[in-house]
Amino acid sequence: SVNEAESFKEWGGVNFSREKLTGMFDNLLRTSQRGRAILPSNQQQQHQHQQHHPPSAPNPGRLVRLLKQAVLYQLEHSSSSTSSDAKHSSKRSVTLLSDVTSYALPSTLKHTLQGHHMDVKSVVFLGTAGDFFASGSSDKTIRVWHTGTGKCKSTLAGHTSKIWTLACDSQGRTLLSGGANGRVRIWNTETSKCVEDHTFHSSPVYSVDINKSGTHYASAGYDSRIRTVDLASSKVTVELKGHTALISSVVFNNTGNLIVSGSRDCSVKFWDASSGSCVRTIGGSLGEVTSVSLSQDECYVLSSSKDNSIRLWDLRMGHMACVKKYTGHQNTWKNFIKSCFGPNDEMVVSGSEDGHVYMWDRESASIIQKQPAHGSSIVYCTRWNAARYTLLSSSHDGSVKAWSDR
């Protein structure tokens, strides 16, 4: 921890330090007005003139006003948003002590992808590039789609039960799928062939995730166990026990040494991936947790619950405080409604039982878009890809929709 370092014992945080620096600069301006500077000979005449016409005392609030004016200038001339319509963009900053951010809402429908014959519980982009994505359905098939054209590239068959979850490595070469019969299948996306079929669970697998290096995956489901598997040897490396009800969601951090899980037992747990030890538990009145996700900088965890709410947890705080709560959508029935972070991690996006895709501003927790998406059909899953600036939504109506800013 930064605060444990000896040189940072008195450090009050970024905002406090910036405010302190601003105060020091303000004091410096005041001191320079009171002091007498040694001027070069060619400026002596100008200095003598200034002595006869001394400047007025600085206004104590002048620096603050200048900073606020600079903020307004940045907001006015910020070009990072691709939309000129204020309804479809968001910019936030109230002070120069924080950075100005801007993003466009992915609220324009690009493609409606149809081909599945039953509901689509999960979608995932194939790699960080996002050129392709996959959808898993209760019709026991996986379809791979081209993000740009919306055309189906291939159909992966082999599951003998409904598909609950999908995950893919960062290169987009290895795709994992978990089914209701407890099987986890590993697919080569280039050949569209199943290369492994694992049966480490005897009951439905609701969530899988693969670490960024692509060496291990984690699977969890109805048996309330998390198993990490070495992809090279196809052997279970560790079994994580601690949840007392089914596990709806698991996710690796960027380095692969931490696993975050959410469960019907109304808790979010943090696990050491190597030893299988639970290092932290968030409990309380969460409601049944339906999904968890990490921000790119790993400072925040997003948890969705069956109490019509999504919570944002700040991992930089010792007690992992809930700093924001997002409401307005519907998530109370038996479905696993999944949420995710949106553009720049500044937006929170979720599906809903009312057929809409909801978008909240992360800091203000206010709804910035309630997007009609799939009629009255449940929206199960949302996924965001920054490289393609595309948001996916999958639904009970059997369709997948791709959204962008234009």
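Look a little higher up for the structure.
Residues numbered from 1 in each chain as written. Predicted model: local features only at pLDDT ≥ 70, side-chain atom pairs only at ≥ 80, totals over all residues. Heavy atoms only, no water.

Here's the deal with the overall build of the protein chain
Put simply, the rule is: Secondary structure counts use DSSP, requiring at least four H or I residues in a row for a helix and at least two E residues in a row for a strand, with both numbered from the N terminus. With a 1.4 Å probe rolled over the protein chains alone, any residue whose accessible area is under 20% of its type maximum counts as buried; one over 50% counts as exposed, and the rest are partly exposed. In this analysis, two residues are considered to be in contact whenever any of their non-hydrogen atoms come within 4.5 Å of each other. Here the open area of atoms and residues is found with the Shrake-Rupley method and a 1.4 Å probe, where only the protein chains shown may cover a residue.
A tally of helices and strands in the protein chain yields three helices and 30 strands. Per-residue burial over the protein chain gives 49% buried out of 406 residues. If you take every contact in the protein chain between residues at least 6 apart in sequence, the share linking residues at least 24 apart comes to 43%. When the accessible surface of the protein chain is totalled, it reaches about 19700 Å², and 50% of it is carbon and sulfur.

Observations concerning the nonpolar core
Rule in force here: Working definition of a nonpolar core: buried Ala, Val, Leu, Ile, Met, Phe, Trp, Tyr and Cys residues. They are joined through side-chain atoms within 4.5 Å.
With 13 residues, the main nonpolar core has Leu113, Val123, Phe133, Leu392 and Val400 as its most contacted residues. Of all elements in the fold, only strand E4 (120–125), strand E28 (379–385) and strand E30 (400–404) reach the threshold of two or more residues within this core. Among all residues touching phenylalanine 133, those that are not within four sequence positions of it are Leu113, Val124, Phe125, Leu126, Arg143, Val144, Trp145, Thr147, Leu392 and Val400.

What to know about the packing of aromatic side chains
Put simply, the test is: Two rings belonging to Phe, Tyr or Trp (six-membered ring only in the last case) form a pair when the distance between their centres is within 6.5 Å. Interplanar angles under 30 degrees mark stacking, angles over 60 mark edge-to-face geometry, and anything in between is tilted.
Under the definition given, this model contains seven aromatic pairs. Measuring from ring centre to ring centre gives 4.9 Å for tryptophan 164 and tyrosine 206, while their planes differ by 85°; the resulting arrangement is edge-to-face. Within this pair, whereas tryptophan 164 is found in strand E8 (residues 163–168), its partner tyrosine 206 is found in strand E12 (residues 205–210), the two being separated by 42 residues in sequence. Considered together, tryptophan 164 and tyrosine 206 belong to a single accessibility category, that of buried residues.

Structural notes on the side chain of lysine 401
Operational definition: Two residue types count as positive, namely Lys and Arg, and two as negative, namely Asp and Glu; His and chain ends fall outside the count. Only one rule defines a salt bridge in this text: a Lys or Arg side-chain nitrogen within 4 Å of an Asp or Glu carboxyl oxygen. In protein, a polar contact requires one atom able to donate a hydrogen and another able to accept it; more generally it is a pair of N or O atoms within 3.5 Å, and residues adjacent in sequence count only if both atoms are side-chain atoms.
Relative to the elements of secondary structure, lysine 401 occurs in strand E30. Despite its burial, lysine 401 remains without a salt bridge, the nearest opposite charge being carried by aspartate 397 at 5.7 Å. Side-chain polar atoms of lysine 401 contact the backbone oxygen of alanine 373, separated by 2.7 Å.

Section: the sheet that holds strand E20 (residues 289–294)
To keep it simple, the criterion reads: Any two strands with at least two DSSP bridges between them are considered paired. Between N-to-C directions, angles cover 0 to 180 degrees, with each direction set by a line fitted to C-alpha atoms, over the stretch in contact for helices.
Within the open sheet, the four strands sit side by side as E20-E21-E22-E23. Their pairing is antiparallel. On the outer flanks of this sheet lie E20 and strand E23 (322–327), each paired with one strand and no other. On average, adjacent strands in this sheet sit at an angle of 20° to one another, irrespective of strand direction.

Side note on the sheet that holds strand E11 (residues 193–198)
As a general point, the strands of a sheet are linked pairwise by backbone hydrogen bonds and lie either parallel or antiparallel. Taken in spatial order, the four strands line up as E8-E9-E10-E11 in an open sheet, and their pairing is antiparallel. In this open sheet, the two strands that pair with only one neighbour each are E8 and E11. In this sheet, neighbouring strand axes are inclined to one another by 20° on average, regardless of whether the strands run parallel or antiparallel. Bridge count for strand E9 (residues 174–179) against strand E10 (residues 184–188) is five bridges, and the pairing is antiparallel.

Examining the pattern of salt bridges
The final tally for this structure, using the stated rule, is 13 salt bridges. Across the pair arginine 183 and aspartate 197 runs a salt bridge, and its minimum N-O distance is 2.9 Å. Taken together, the residues arginine 183 in the loop between E9 and E10 and aspartate 197 in strand E11 connect sequence positions 14 residues apart. Classification of arginine 183 by relative accessible area gives partly exposed; the value is 31%. In this structure aspartate 197 comes out as partly exposed when scored by relative accessible area, which is 33%. Glutamate 363 is paired through a salt bridge with arginine 362; the nearest N and O atoms lie 2.9 Å apart. A single salt-bridge network, built from bridges that share partners, covers Asp223, Arg225, Arg227, Glu239 and Lys241.

The values are spatial; any link to function lies outside them.
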